[in-house]
Amino acid sequence: MKFFIDSAEIEDIREAKSLGIADGVTTNPSLMAKSGRELKDVVSAISREIDGPVFSEVISGDETGILQEGYQMAKWSDQVVIKIPATLAGIKAAHKLEADGIPTGITLIFSPMQALLAAKAGVSYIIPFVGRLDDISSDGMEMVEQVIAIMDNYPDLTCKVLAASVRTPVHILQSALIGVDIVTAPLSVYKQLAAHPLTDAGIHKFLQDWQKVKK
Ligand code: E4P
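Attention in this report is confined to the structure presented alongside it. These numbers come from a predicted model, not from an experiment. (Residues numbered from 1 in each chain as written. Predicted model: local features only at pLDDT ≥ 70, side-chain atom pairs only at ≥ 80, totals over all residues. Heavy atoms only, no water.)

1. Some details on a negative patch on the surface
A contiguous patch of negative charge, built from Asp134, Asp139, Glu142 and Glu145, is present on the exposed surface. Among the secondary structure elements, Asp134 is positioned in helix α7 (residues 131-135). (Patch = residues over 30% accessible without salt bridge, like charges linked within 9 Å, V, L, I, M, F, W, Y side chains within 5 Å. Areas by Shrake-Rupley, 256 points an atom, 1.4 Å probe, with all protein chains shown as cover. Salt bridge = Lys/Arg side-chain N within 4 Å of Asp/Glu carboxyl O. Lys, Arg positive; Asp, Glu negative; His and termini not counted. Charge placed at Lys NZ, Arg CZ, Asp CG, Glu CD. Helix = DSSP H or I, 4+ residues; strand = E, 2+ residues; numbered from the N terminus.)

Here is the structure:
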(Lines give C-alpha, C1' and ligand atoms only; values in the text may rest on other atoms or scores of the structure.)
Protein backbone atom coordinates (compact mmCIF):
# COMPACT_ATOMS: atom_id res chain seq x y z
CA MET A 1 0.00 0.00 0.00
CA LYS A 2 1.30 3.44 -0.85
CA PHE A 3 0.78 6.69 1.06
CA PHE A 4 0.64 9.91 -0.98
CA ILE A 5 0.72 13.32 0.68
CA ASP A 6 -2.11 15.68 -0.29
CA SER A 7 -0.29 18.98 -0.02
CA ALA A 8 1.40 21.78 -1.95
CA GLU A 9 3.66 22.66 1.00
CA ILE A 10 7.27 21.54 0.65
CA GLU A 11 7.69 21.39 4.44
CA ASP A 12 4.90 18.77 4.64
CA ILE A 13 6.63 16.73 1.97
CA ARG A 14 9.97 16.92 3.80
CA GLU A 15 8.39 15.84 7.09
CA ALA A 16 6.55 12.96 5.39
CA LYS A 17 9.85 11.97 3.79
CA SER A 18 11.55 11.91 7.20
CA LEU A 19 8.78 9.53 8.37
CA GLY A 20 9.41 7.33 5.33
CA ILE A 21 5.87 7.72 3.98
CA ALA A 22 6.25 10.08 1.01
CA ASP A 23 5.49 7.62 -1.80
CA GLY A 24 3.96 10.39 -3.94
CA VAL A 25 2.25 13.77 -3.74
CA THR A 26 -1.14 15.02 -4.89
CA THR A 27 -1.99 18.68 -5.38
CA ASN A 28 -5.22 20.36 -6.49
CA PRO A 29 -6.19 23.94 -7.44
CA SER A 30 -7.47 24.69 -3.90
CA LEU A 31 -4.18 23.57 -2.30
CA MET A 32 -2.26 25.59 -4.91
CA ALA A 33 -4.29 28.73 -4.23
CA LYS A 34 -3.61 28.29 -0.49
CA SER A 35 0.13 27.95 -1.11
CA GLY A 36 0.23 31.26 -3.01
CA ARG A 37 2.89 29.83 -5.35
CA GLU A 38 3.08 29.00 -9.05
CA LEU A 39 2.02 25.44 -9.94
CA LYS A 40 5.12 24.86 -12.06
CA ASP A 41 7.45 25.93 -9.21
CA VAL A 42 5.67 23.76 -6.65
CA VAL A 43 5.52 20.66 -8.87
CA SER A 44 9.20 21.06 -9.85
CA ALA A 45 10.30 21.54 -6.22
CA ILE A 46 8.32 18.51 -5.00
CA SER A 47 9.72 16.40 -7.85
CA ARG A 48 13.23 17.23 -6.68
CA GLU A 49 12.31 16.26 -3.11
CA ILE A 50 10.79 12.80 -3.72
CA ASP A 51 11.20 9.92 -6.18
CA GLY A 52 7.50 9.11 -6.68
CA PRO A 53 4.67 10.56 -8.78
CA VAL A 54 3.63 14.20 -8.38
CA PHE A 55 0.05 14.98 -9.42
CA SER A 56 -0.64 18.29 -11.15
CA GLU A 57 -4.30 19.17 -11.82
CA VAL A 58 -5.60 20.89 -14.96
CA ILE A 59 -8.12 23.71 -14.74
CA SER A 60 -9.43 23.66 -18.33
CA GLY A 61 -12.82 22.03 -18.91
CA ASP A 62 -12.58 21.35 -22.65
CA GLU A 63 -10.52 18.63 -24.29
CA THR A 64 -8.22 20.98 -26.20
CA GLY A 65 -7.44 23.05 -23.12
CA ILE A 66 -6.83 19.95 -20.98
CA LEU A 67 -4.47 18.55 -23.62
CA GLN A 68 -2.55 21.84 -23.87
CA GLU A 69 -2.13 22.00 -20.09
CA GLY A 70 -1.24 18.32 -19.89
CA TYR A 71 1.50 18.44 -22.54
CA GLN A 72 2.94 21.56 -20.88
CA MET A 73 2.93 20.05 -17.35
CA ALA A 74 4.53 16.83 -18.60
CA LYS A 75 7.64 18.86 -19.53
CA TRP A 76 8.20 19.98 -15.92
CA SER A 77 9.38 16.59 -14.64
CA ASP A 78 9.15 12.94 -15.68
CA GLN A 79 7.40 12.30 -12.33
CA VAL A 80 4.37 14.43 -13.25
CA VAL A 81 0.97 12.75 -13.46
CA ILE A 82 -1.74 14.88 -15.07
CA LYS A 83 -4.80 15.03 -12.80
CA ILE A 84 -8.01 15.50 -14.79
CA PRO A 85 -11.64 15.74 -13.58
CA ALA A 86 -14.01 12.87 -14.43
CA THR A 87 -15.89 14.39 -17.35
CA LEU A 88 -16.24 12.99 -20.88
CA ALA A 89 -13.86 15.69 -22.15
CA GLY A 90 -11.44 14.86 -19.35
CA ILE A 91 -11.49 11.12 -20.00
CA LYS A 92 -11.00 11.66 -23.76
CA ALA A 93 -8.02 13.92 -23.08
CA ALA A 94 -6.58 11.41 -20.61
CA HIS A 95 -6.91 8.62 -23.19
CA LYS A 96 -4.94 10.73 -25.68
CA LEU A 97 -2.26 11.72 -23.18
CA GLU A 98 -1.80 8.09 -22.13
CA ALA A 99 -1.45 7.08 -25.80
CA ASP A 100 1.37 9.62 -25.98
CA GLY A 101 3.07 8.11 -22.94
CA ILE A 102 1.97 10.73 -20.40
CA PRO A 103 0.48 9.25 -17.20
CA THR A 104 -2.90 10.56 -16.05
CA GLY A 105 -5.21 10.25 -13.08
CA ILE A 106 -8.96 10.80 -13.29
CA THR A 107 -10.05 12.73 -10.22
CA LEU A 108 -13.33 13.84 -8.59
CA ILE A 109 -14.75 10.32 -9.02
CA PHE A 110 -17.92 9.82 -6.98
CA SER A 111 -19.39 6.65 -8.54
CA PRO A 112 -18.11 3.20 -9.53
CA MET A 113 -19.32 3.84 -13.09
CA GLN A 114 -17.14 6.94 -13.47
CA ALA A 115 -14.27 4.81 -12.21
CA LEU A 116 -15.01 1.99 -14.67
CA LEU A 117 -15.21 4.37 -17.64
CA ALA A 118 -11.87 5.95 -16.72
CA ALA A 119 -10.29 2.52 -16.18
CA LYS A 120 -11.54 1.34 -19.59
CA ALA A 121 -10.01 4.47 -21.17
CA GLY A 122 -6.61 3.25 -19.99
CA VAL A 123 -5.72 5.89 -17.42
CA SER A 124 -2.95 5.14 -14.92
CA TYR A 125 -4.90 6.12 -11.78
CA ILE A 126 -8.57 6.36 -10.84
CA ILE A 127 -9.19 8.72 -7.91
CA PRO A 128 -12.43 8.14 -5.95
CA PHE A 129 -13.26 10.75 -3.29
CA VAL A 130 -14.33 9.46 0.14
CA GLY A 131 -14.84 12.44 2.48
CA ARG A 132 -16.86 14.56 0.10
CA LEU A 133 -19.44 11.75 -0.26
CA ASP A 134 -19.55 11.35 3.53
CA ASP A 135 -20.16 15.13 3.69
CA ILE A 136 -23.48 14.71 1.85
CA SER A 137 -24.62 11.77 4.03
CA SER A 138 -23.52 9.19 1.47
CA ASP A 139 -21.01 6.41 2.19
CA GLY A 140 -17.67 7.21 0.55
CA MET A 141 -15.97 3.98 1.57
CA GLU A 142 -18.85 1.88 0.24
CA MET A 143 -18.30 3.50 -3.18
CA VAL A 144 -14.55 2.74 -3.01
CA GLU A 145 -15.33 -0.86 -2.01
CA GLN A 146 -17.45 -1.21 -5.17
CA VAL A 147 -14.62 0.25 -7.27
CA ILE A 148 -12.19 -2.31 -5.79
CA ALA A 149 -14.65 -5.17 -6.41
CA ILE A 150 -14.95 -4.18 -10.08
CA MET A 151 -11.19 -3.87 -10.50
CA ASP A 152 -10.69 -7.28 -8.86
CA ASN A 153 -13.20 -8.84 -11.28
CA TYR A 154 -11.27 -7.60 -14.33
CA PRO A 155 -7.49 -8.00 -13.99
CA ASP A 156 -7.09 -6.59 -17.53
CA LEU A 157 -7.96 -3.17 -16.04
CA THR A 158 -4.53 -2.24 -14.81
CA CYS A 159 -5.01 1.26 -13.36
CA LYS A 160 -4.23 1.92 -9.70
CA VAL A 161 -7.02 2.89 -7.28
CA LEU A 162 -6.01 6.06 -5.42
CA ALA A 163 -8.49 6.85 -2.64
CA ALA A 164 -8.66 10.61 -2.05
CA SER A 165 -10.54 13.01 0.17
CA VAL A 166 -9.26 10.72 2.91
CA ARG A 167 -9.67 12.62 6.15
CA THR A 168 -9.54 10.18 9.07
CA PRO A 169 -7.48 7.20 10.28
CA VAL A 170 -10.63 5.06 9.84
CA HIS A 171 -10.70 5.92 6.13
CA ILE A 172 -7.12 4.60 5.92
CA LEU A 173 -7.98 1.48 7.94
CA GLN A 174 -10.95 0.68 5.71
CA SER A 175 -8.88 1.35 2.57
CA ALA A 176 -6.16 -1.02 3.78
CA LEU A 177 -8.71 -3.75 4.60
CA ILE A 178 -10.26 -3.72 1.12
CA GLY A 179 -6.96 -3.54 -0.75
CA VAL A 180 -6.92 0.05 -2.01
CA ASP A 181 -3.58 0.52 -3.84
CA ILE A 182 -2.89 4.08 -2.65
CA VAL A 183 -4.42 6.62 -0.27
CA THR A 184 -3.75 10.33 -0.37
CA ALA A 185 -4.32 12.45 2.73
CA PRO A 186 -2.97 15.53 4.49
CA LEU A 187 0.14 14.86 6.61
CA SER A 188 -1.93 15.57 9.75
CA VAL A 189 -4.06 12.45 9.10
CA TYR A 190 -0.97 10.20 8.80
CA LYS A 191 0.39 11.64 12.05
CA GLN A 192 -2.87 10.65 13.77
CA LEU A 193 -2.10 7.00 12.92
CA ALA A 194 0.58 6.98 15.63
CA ALA A 195 -1.76 8.18 18.37
CA HIS A 196 -3.03 5.82 21.07
CA PRO A 197 -3.86 6.81 24.68
CA LEU A 198 -2.56 3.46 25.99
CA THR A 199 0.84 4.16 24.39
CA ASP A 200 1.00 7.51 26.19
CA ALA A 201 -0.19 5.94 29.46
CA GLY A 202 2.34 3.11 29.05
CA ILE A 203 5.24 5.53 28.57
CA HIS A 204 4.09 7.52 31.63
CA LYS A 205 3.90 4.37 33.79
CA PHE A 206 7.29 3.06 32.61
CA LEU A 207 8.91 6.42 33.46
CA GLN A 208 7.24 6.49 36.90
CA ASP A 209 8.51 2.98 37.69
CA TRP A 210 11.98 3.86 36.41
CA GLN A 211 12.15 6.94 38.62
CA LYS A 212 11.24 4.82 41.71
CA VAL A 213 14.21 2.48 41.09
CA LYS A 214 16.59 5.39 40.50
CA LYS A 215 15.77 6.98 43.92
C1 E4P B 1 -6.87 14.47 -3.86
O2 E4P B 1 -6.20 14.37 -4.82
C3 E4P B 1 -7.65 15.66 -3.50
O4 E4P B 1 -6.84 16.76 -3.75
C5 E4P B 1 -8.02 15.67 -2.04
O6 E4P B 1 -7.92 14.39 -1.48
C7 E4P B 1 -9.33 16.34 -1.75
O8 E4P B 1 -9.62 16.23 -0.37
P9 E4P B 1 -10.78 17.08 0.33
O10 E4P B 1 -12.10 16.55 -0.12
O11 E4P B 1 -10.56 16.86 1.80
O12 E4P B 1 -10.56 18.50 -0.09
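2. Focus: the site of the ligand
All residues adjacent to the ligand are Asp6, Thr26, Asn28, Lys83, Phe129, Arg132, Ala164, Ser165, Arg167 and Thr184. In the environment of the ligand, an oxygen atom lies 3.1 Å from a nitrogen or oxygen atom belonging to the side chain of Asp6. Here an oxygen atom of the ligand sits 2.8 Å away from a polar atom, N or O, in the side chain of Lys83. Contact with the protein chains hides 86% of the accessible area of the ligand, taken as 350 Å² for the molecule alone. Taking a 2 Å distance to the grid points as the criterion, the majority of the atoms of the ligand fall inside the largest pocket. The class makeup of the residues in the shell around the ligand is two nonpolar, four polar and four charged. (Near = heavy atom within 4 Å. Polar contact = N/O pair within 3.5 Å; in protein donor to acceptor, adjacent residues only side chain to side chain. 1 Å grid on protein atoms, 1.4 Å probe; cavity = no way out; pocket = protein on both sides within 12 Å on 5 of 7 lines; lining within 4 Å. Sits in = over half its atoms within 2 Å of the grid points. Nonpolar A, V, L, I, M, F, W, Y, C, P; charged D, E, K, R; others polar.)

3. Quick notes on the pairing of strand β7 (residues 160-163)
The pairing of strand β6 (residues 125-128) with β7 spans two bridges and is classified as parallel. Counterpart to Tyr125 in the pairing with β7 is Lys160. Relative to strand β8 (residues 182-185), β7 runs parallel, the two sharing two bridges. Residue Ala163 lies in a different strand from β8, and its bridge partner there is Val183. For the crossover that starts at β7, traverses helix α9 (residues 169-178) and ends in the parallel β8, the hand is right-handed. (Pairing = 2+ DSSP bridges. Right-handed = clockwise from strand over helix to strand, strands pointing away.)

4. As for the sheet that holds β8
Reading around the barrel, the eight strands line up as β1-β2-β3-β4-β5-β6-β7-β8 and close back on themselves, with parallel pairing between neighbours. Ignoring which end each strand starts from, the neighbouring axes of this sheet average 30° apart. Along the sheet face, helix α5 (residues 88-99) touches β4 (80-85) and β5 (104-109) and points at about 165° away from the line of β5. Here helix α6 (residues 112-120) sits on the sheet in contact with β5 and β6, set at roughly 170° to β5. (Axes fitted to C-alpha atoms, helices over the stretch in contact; angles between N-to-C directions. Contact = heavy atoms within 4.5 Å.)

5. Quick look at unusual backbone geometry
Across the chain, the bulk of peptide bonds are trans and the bulk of non-glycine residues have phi less than zero. The backbone phi angle of Ser137 is positive, close to 65°, even though this residue is not glycine. Within the element layout of this structure, Ser137 appears in the loop between α7 and α8 (140-153). Positive phi values are uncommon outside glycine, yet Ser165 reaches one of about 55°. Mapping Ser165 onto the fold places it in the loop between β7 and α9. Classification of Ser165 by relative accessible area gives buried; the value is 12%. (Buried < 20%, exposed > 50% of the residue type's maximum accessible area, 1.4 Å probe, protein only.)

6. Details of the packing of helix α1 (residues 10-19) against helix α3 (residues 39-49)
Interaxial distance between α1 and α3 falls to 10 Å at its minimum, and their mutual angle equals 15°. Comparing their axes, α3 and α1 come out roughly parallel. The two elements α1 and α3 meet at a crossing, and its hand is right-handed. In this structure, α1 contributes Ile10, Ile13, Arg14 and Lys17 to the contact, and α3 contributes Ala45, Ile46 and Glu49. (Parallel < 35°, antiparallel > 145°, perpendicular 65-115°, else oblique. Left-handed = near helix turned anticlockwise from the far one by under 90°.)

7. Looking at the nonpolar core
Of all hydrophobic cores here, the largest spans 59 residues; its most connected members are Ile106 and Ile126. If one sorts the elements of this core by residue count, α8 sits on top with six residues. Setting aside its immediate chain neighbours within four residues, Ile126 contacts Ile106, Ile109, Ala115, Ala118, Ala119, Val147, Met151, Cys159, Lys160, Val161 and Leu162. In this structure, Phe4, Phe129, Ala164 and Ile182 belong to the second largest nonpolar core, which totals nine residues. (Core = buried A, V, L, I, M, F, W, Y, C linked by side-chain atoms within 4.5 Å.)

8. Details of the pattern of salt bridges
Across all of its chains, the model carries nine salt bridges by this definition. A salt bridge links Asp209 to Lys205, with the shortest nitrogen-to-oxygen separation between them at 3.0 Å. Linking Asp209 with Lys205, this pair stays in helix α11 (residues 197-214), spanning four residues, or about one helical turn. Residue classification places Lys205 among the partly exposed residues on the basis of a relative accessible area of 43%. With a closest N to O distance of 3.4 Å, Lys212 and Asp209 form a salt bridge. With Lys212 and Asp209 both in helix α11 and three residues apart, the pair spans about one turn of that helix. Using a relative accessible area of 57% as the deciding quantity, one classes Lys212 as exposed.

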